[in-house]
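Structure at a glance
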Amino acid sequence: MRRVVITGMGMVTPVGTGVEYAWENIKAGKSGVRTVDIFDASDLASQIAGVPVYGTEPGQYNPDTVVDPREQRRMDKVIVYGMVAAAEAVKDAGLEEYTGDKDRIGVSIGGGIGGLNTIYESCVELHTNGPRSISPFFIPKSIINMAAGYVSIKYGFRGPNISIVTACASGAHSIGEGARLIQHGDADIMICGGTEGAVGKIGMAGFSSMKALSTRNDDPAGASRPWDKTRDGFIIAEGAGVLVLEEYEHAKARGAKIYAEVAGYGMSGDAHHITAPAEGGEGGMRAMAAALKDAGIKPEEVNYVNAHGTSTGLGDIGELTAVKTLFKDAPDICMSSTKSMTGHLLGAAGAVEAIFSVLTIRDGIVPPTINLKEPEDLVGDFNLVPNQAQKKEVNVAISNSFGFGGTNASIVIKKI
């Protein structure tokens, strides 16, 4: 089987735009959650979110450097986020001036919801002013696969072009499926990841109605608190993460920088409930076990799990139960949730967290779970990296993503 390695990475997140900027804040335990100010959220139960900070300073989000402002008017922000993250990843991988066969480079960028704000605004326009008022760009501006489409068009990548929609597992599934396309010879390079732009009135109202979001409005930075007894829901967030995956020999032949190897990929379905995980996190455990089997790695060889860890009652307990069960013989395993700092980027989360897992391996620093002050009794002496990053050699990491409808994805990333 052809080996798959990571040769480029890019991201847009609430803790920073650009991989290294975001990573510095993650290592420092800084939260990107803030009071919503991009629209009037005063009548919503939850009024806090993780949103990239716009600006021209290093680490701030400035899409004009990648996408012409006139073109941005034809795109929902979910597309622009994906393009900005992809531009960083492509540059990082040294593919901007690539002269090889672009039929062998594909794109796999998914998302959970798509252009939700564009759909909402267009519905209001239709109701108010009738069908003639709807922009001819409405459909291509809002459908999920256009992030992958625009990236393909921008760089001339003519290989497989797909967009996976599996709720909060979309980014992880996009990476896993992209890796398999390389393994099976359909491409030599895949631009993979997830993007999400659902912070808006309709998105937050919908999740608030489900009682899914934290209402700790007076303490935005302290609101996302995975595994803490006082947690009260997740923090909606938006942004994008994109990785360049490449066949190992191909990467070596062109002298590419290699970060790590995508060693395994596993999936499962809970077949249980539309939002709640299966009892004991059984579905997530099967996804992790499948990823390990695919990688040919034993549970006791895993050093770190980047958890789905959303800060919800059932989800946190289910995942912790699954990890403690599957890795009961792992001598020094630890797990943390970077969502405690970024919030939950929905369909982009899996890709962003896969990047953080790669950087954990690269730097030997495990990111913290912040706001963990009163751990659930189940935690016991299990190391959830509370509140401060820890130095640790990590050779094998797992990144988990679980979505509504009971869809689960796990990625095994290995030092190379």
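Everything here concerns the structure above.
We now turn to the structure provided with this report. These numbers come from a predicted model, not from an experiment. The residue numbers shown here count from 1 along each chain, following its written sequence. This being a predicted model, a pLDDT of at least 70 is required before a residue's local features are given, and a value of 80 or more before pairs of side-chain atoms are given or counted; all residues contribute to the totals for chains, interfaces and linings. Remark: hydrogens and water are excluded; side-chain values derive from all non-hydrogen atoms of the structure.

With that out of the way, let us pick up the overall build of the protein. If you tally the helices and strands in the protein, you get 13 helices and 15 strands. Relative to its length of 416 residues, the protein is compact, with a C-alpha radius of gyration of 20 Å against a globular reference of 22 Å. Taken over the C-alpha atoms alone, the protein extends approximately 65 × 55 × 45 Å along its principal axes. Relative accessibility decides the category of a residue: with a 1.4 Å probe and only protein chains considered, values under 20% of the type maximum give buried, values over 50% give exposed, and everything between is partly exposed. With 416 residues in all, the protein has 59% of them scored as buried. We call two residues in contact when some of their heavy atoms are within 4.5 Å. When contacts within the protein are restricted to residue pairs at least 6 apart in sequence, those whose partners lie at least 24 apart make up 78%. Areas reported here follow the Shrake-Rupley algorithm with a probe of radius 1.4 Å; residue values treat only the protein chains shown as occluding. Working note: accessible area of the protein is about 15,800 Å², and carbon and sulfur atoms make up 52% of it. Helix and strand assignments follow DSSP, with helices taken as H or I runs no shorter than four residues and strands as E runs no shorter than two, numbered in order from the N terminus. Our radius of gyration is a C-alpha quantity, and the globule rule it is checked against amounts to 2.2 Å times the number of residues to the power 0.38.

This paragraph deals with the pairing of strand 14 (residues 396-403). The buried fraction of strand 14 amounts to eight of the eight residues, a majority that puts the element mostly inside the structure. Sheet topology places strand 10 (residues 304-306) next to strand 14; three bridges connect them, and they run parallel. In the strand pairing of strand 14, Val305 is matched with Ile398. Note on pairing: two strands pair once DSSP finds at least 2 bridges between them. Alignment of strand 14 against strand 15 (residues 407-414), held across eight bridges, turns out to be antiparallel. Paired with Val396 across the bridge in strand 15 is Lys414. Two successive antiparallel strands, strand 14 and strand 15, enclose a turn made up of three residues, where Gly405 displays a positive phi of approximately 85°.

Soluble globular proteins tend to bury their nonpolar side chains together. Put simply, buried Ala, Val, Leu, Ile, Met, Phe, Trp, Tyr and Cys residues joined by side-chain atoms within 4.5 Å make one nonpolar core. Judged by nonpolar contacts, the single largest core of 50 residues is most densely connected at Leu95, Ile191 and Ile236. Listing elements by their share of this core, those giving two or more residues are helix 3 (77-92), strand 5 (105-110), helix 6 (146-155), strand 7 (189-196), helix 8 (201-209) and strand 8 (239-247). Ranked by residues supplied to this core, first place goes to helix 3 with eleven residues. Look past the residues within four positions of Ile236 in its chain and what remains in contact with it is Ile48, Ala49, Gly50, Ala198, Val199, Met204, Phe207, Leu213, His344 and Leu346. In terms of nonpolar packing, the next biggest core, distinct from the first, is built from 47 residues, Cys192, Ala349, Leu359 and Ala409 among them.

An axis is simply a line fitted to the C-alpha atoms; with a helix, the fit covers only the stretch in contact. Between two such axes, the angle follows the N-to-C directions and lies from 0 to 180 degrees. Two elements in contact, helix 7 (residues 170-183) and helix 13 (residues 349-363), have axes whose closest approach is 5 Å; the angle formed by their N-to-C orientations is 65°. Classed by the angle they form, the pair helix 7 and helix 13 counts as roughly perpendicular. Counting all contacts with helix 7, which are made through Gly171, Ala172 and Ile175, the residues of helix 13 involved are Gly350, Ala351 and Ala354. Any residue outside Ala, Val, Leu, Ile, Met, Phe, Trp, Tyr, Cys, Pro, Asp, Glu, Lys and Arg is labelled polar, Gly included; the first ten of those are nonpolar and the last four are charged. Looking at the contact of helix 7 with helix 13 residue by residue, the class counts come to four nonpolar, two polar and no charged. Here roughly perpendicular refers to angles of 65 to 115 degrees, roughly parallel to angles under 35, roughly antiparallel to angles over 145, and oblique to all remaining angles.

This part takes up a nonpolar patch on the surface. Judged by side-chain polarity, Tyr120, Val124 and Ile202 come together as a nonpolar surface patch covering roughly 230 Å² of accessible area. Among the secondary structure elements, Tyr120 is positioned in helix 4 (residues 116-129). Overall, Tyr120 belongs to the partly exposed group, its relative accessible area being 35%. Every patch collects residues that have over 30% relative accessible area and no salt bridge, joining them within 9 Å if they carry like charges and within 5 Å if they are nonpolar side chains (Val, Leu, Ile, Met, Phe, Trp, Tyr). Salt bridges, as used here, are contacts in which a Lys or Arg side-chain nitrogen is within 4 Å of a carboxyl oxygen on Asp or Glu.

To estimate the expected span of a helix, subtract one from its residue number and multiply by 1.5 Å. Spanning 14 residues, helix 10 (residues 282-295) covers 20 Å between terminal C-alpha atoms, matching the ideal 20 Å at 1.5 Å per step. Inspection of helix 10 places Gly283, Gly284, Ala287, Met288, Ala291, Leu292 and Ala295 among the buried residues, and these make up the whole buried set. Where helix 10 is buried, its residues touch strand 9 (260-269), helix 11 (313-326), strand 14 and strand 15. Of the residues trailing helix 10, Gly296 is marked for its positive phi of about 70°.

Turning to the side chain of Asp228, a few remarks are in order. By the element assignment, Asp228 lies in the loop between helix 8 and strand 8. The class of Asp228 is buried, set by a relative accessible area of 0%. We define a polar contact as two N or O atoms separated by no more than 3.5 Å, with the added condition that, inside protein, one atom must be a possible hydrogen donor and the other a possible acceptor, whereas residues neighbouring each other in sequence contribute only through side-chain atom pairs. Among the polar contacts listed, one links the side chain of Asp228 to the backbone nitrogen of Lys373, at a separation of 2.8 Å. Among residues more than four places away in sequence, those in contact with Asp228 are Asn371, Leu372, Lys373, Glu374 and Pro375.

Moving on, we get to the pairing of strand 7. When a strand is regular, its side chains alternate between the sheet's two faces. In terms of burial, strand 7 is largely enclosed, as eight of its eight residues are buried. Because side chains alternate across strand 7, one face comprises the buried residues Ile189, Ile191, Gly193 and Thr195, and the other comprises Met190, Cys192, Gly194 and Glu196, equally buried. Examined bridge by bridge, strand 5 and strand 7 share six bridges and lie parallel to one another. Across the sheet, Gly106 pairs through a bridge with Met190, a residue of strand 7. Bridging between strand 7 and strand 8 involves eight bridges; their strand directions are antiparallel. In the strand pairing of strand 8, Glu196 is matched with Gly239.

Moving on, we come to the packing of aromatic side chains. Here is the rule: rings of Phe, Tyr and Trp (six-membered ring for Trp) pair when centre to centre is within 6.5 Å. Planes less than 30 degrees apart are stacked, more than 60 are edge-to-face, and the remainder are tilted. Taken as a whole and judged by the stated rule, the model has six aromatic pairs. Aromatic pair Phe207 and Phe234: ring centres 5.4 Å apart, planes at 75°, arrangement edge-to-face. In this pair, Phe207 sits in helix 8 while Phe234 sits in the loop between helix 8 and strand 8, placing the two residues 27 residues apart along the sequence. By relative accessible area, which is 11% here, Phe207 ends up buried. Accessibility expressed as a relative area gives 6% for Phe234, which makes it buried. One Lys or Arg, Arg3, reaches over the ring of Tyr248 and ends 4.4 Å from the middle of that ring. Over the ring of Tyr155 we find Lys154, and its NZ or CZ is 5.6 Å from the ring centre. As a reminder, the over-ring test applies to NZ of lysine and CZ of arginine, requiring each to be within 6 Å of the ring centre and within 35 degrees of the ring normal.

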